[in-house]
Each structure stands twice: as structure tokens, then as C-alpha cells.
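# Structural overview for review
Each chain, written out:
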Amino acid sequence: MPSTVTLYQDANFSGASLTIQSSVADLSQFLLGESNWTDQVSSIRVTGAPITAYQDVNFGGEALVFVPGDYAQFTPAWNDVISSISLS
Ligand SMILES: [Ca+2]
């Protein structure tokens, strides 16, 4: 079952949202107002299969696996730092 991930700009699934269904090597390709989605994600919903989030572009830097579920908030270390996401 393919993964679907919805990213939210703010905690508790609020603010702007972006749904992706394939891996994204650089979230800056998606515009968010006058900025972009890099270093903006503060909550996520994951369905289908586990996904991996990375702090750097091209699936680099610190990584964190999210099994399917709802994540209303992140630890400070993971808030506003995600730059790429790998879907299985
Ligand atoms: Ca944010």
C-alpha cells in the first residue's frame, strides 16, 4: 500500500498543508506563501507505510522514521527542520 503523507506548517494539523504521495528530495520545490516548505513542518499524518524524514535535502542528515499515524507535534529537535522525505 503506497504511503500518503500530509505535512502541516503548524502543530496540531493546522496552518498550511501539503500532501505528498512520492518521495521528495528537496521540500523547497513546494512554495509556501513567499517562502517554501523546507524547515516548516510541525505536524504530520502518515498513512499506508512507514516514511522517513530527513533534516537535510537529498535524504541526508539526521533521519526519523514515522510509522503510519498522526503526529500532532514534534520534539524541539524536529520542529521546523525537515528538508526531505522518503516514502516506501
Ligand atoms: Ca512550522
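Residues numbered from 1 in each chain as written. Predicted model: local features only at pLDDT ≥ 70, side-chain atom pairs only at ≥ 80, totals over all residues.

### Looking at the overall build of the protein chain
When you go through the protein chain residue by residue, the secondary structure sums to zero helices and nine strands. Against the 2.2 N^0.38 benchmark of 12 Å for 88 residues, the protein chain shows a C-alpha radius of gyration of 11 Å, consistent with a compact globule. Looking at the 88 residues of the protein chain, the share that counts as buried comes to 24%. In the protein chain, 66% of the contacts between residues at least 6 apart in sequence involve partners at least 24 apart. (Helix = DSSP H or I, 4+ residues; strand = E, 2+ residues; numbered from the N terminus. Rg over C-alpha atoms; globule rule 2.2 N^0.38 Å. Buried ≥ 20, exposed ≤ 12 C-beta atoms within 10 Å, placed from the backbone. Contact = placed C-beta atoms within 7 Å.)

### Description of the pairing of strand β6 (residues 51-56)
Where β6 lies against strand β7 (residues 60-66), five bridges are found, and the strand directions are antiparallel. Within the sheet, the bridge partner assigned to Tyr 54 lies in β7 and is Ala 63. What sits between the antiparallel neighbours β6 and β7 is a turn of three residues, in which Asn 58 has the positive phi angle 55°. (Pairing = 2+ DSSP bridges.)

### A few points about the nonpolar core
Counting 15 residues, the largest nonpolar core has Val 5, Leu 7, Ile 44, Ile 82 and Ile 85 as its most contacted members. If sequence neighbours within four positions are ignored, Leu 7 has contacts with Ser 17, Leu 18, Trp 37, Val 41 and Ile 44. (Core = buried A, V, L, I, M, F, W, Y, C linked by C-beta atoms within 7 Å.)

### Re the environment of Trp 78
Summarising the element assignment, Trp 78 is placed in the loop between β8 (69-71) and β9 (84-87). Among the residues examined, Trp 78 registers 16 C-beta atoms within 10 Å and is labelled partly exposed. For Trp 78 and Ser 35, which are 43 residues apart along the polypeptide, the C-alpha to C-alpha distance reads 19 Å.

### Notes on the sheet that holds strand β1 (residues 4-10)
The antiparallel open sheet is built from four strands, whose spatial order is β2-β1-β5-β8. Looking at which strands have only one partner, the edges of the open sheet turn out to be β2 (14-20) and β8. Within this sheet the neighbouring strands show an average axis-to-axis angle of 15°, counted without direction. (Axes fitted to C-alpha atoms, helices over the stretch in contact; angles between N-to-C directions.)

### Topic: the UniProt feature "domain: Beta/gamma crystallin 'Greek key'" (unreviewed entry) in the protein chain
The UniProt feature table records "domain: Beta/gamma crystallin 'Greek key'" (unreviewed entry) at residues 3-48. Here residues 3-48 runs as 0% helix and 50% strand, with 4 Å between its end C-alpha atoms. (UniProt positions renumbered as here; feature names shortened; annotations may be inferred.)

### Observations regarding the sheet that holds β6
One open sheet accounts for three strands, arranged β7-β6-β9; its pairing is antiparallel. Every other strand in the sheet has two partners, leaving β7 and β9 as the edge strands with one partner each. Across this sheet, the average inter-strand angle for adjacent strands is 25°, counted without regard to direction.

### Observations concerning unusual backbone geometry
Phi angles above zero are rare outside glycine, and Phe 13 is one such case at about 60°. With respect to the helices and strands, the residue Phe 13 is situated in the loop between β1 and β2. Located in the positive-phi region is Asn 58, a residue other than glycine, with phi close to 55°. Structurally, Asn 58 is set in the loop between β6 and β7. Of the residues examined, Asn 58 has 10 C-beta atoms within 10 Å and is grouped as exposed.

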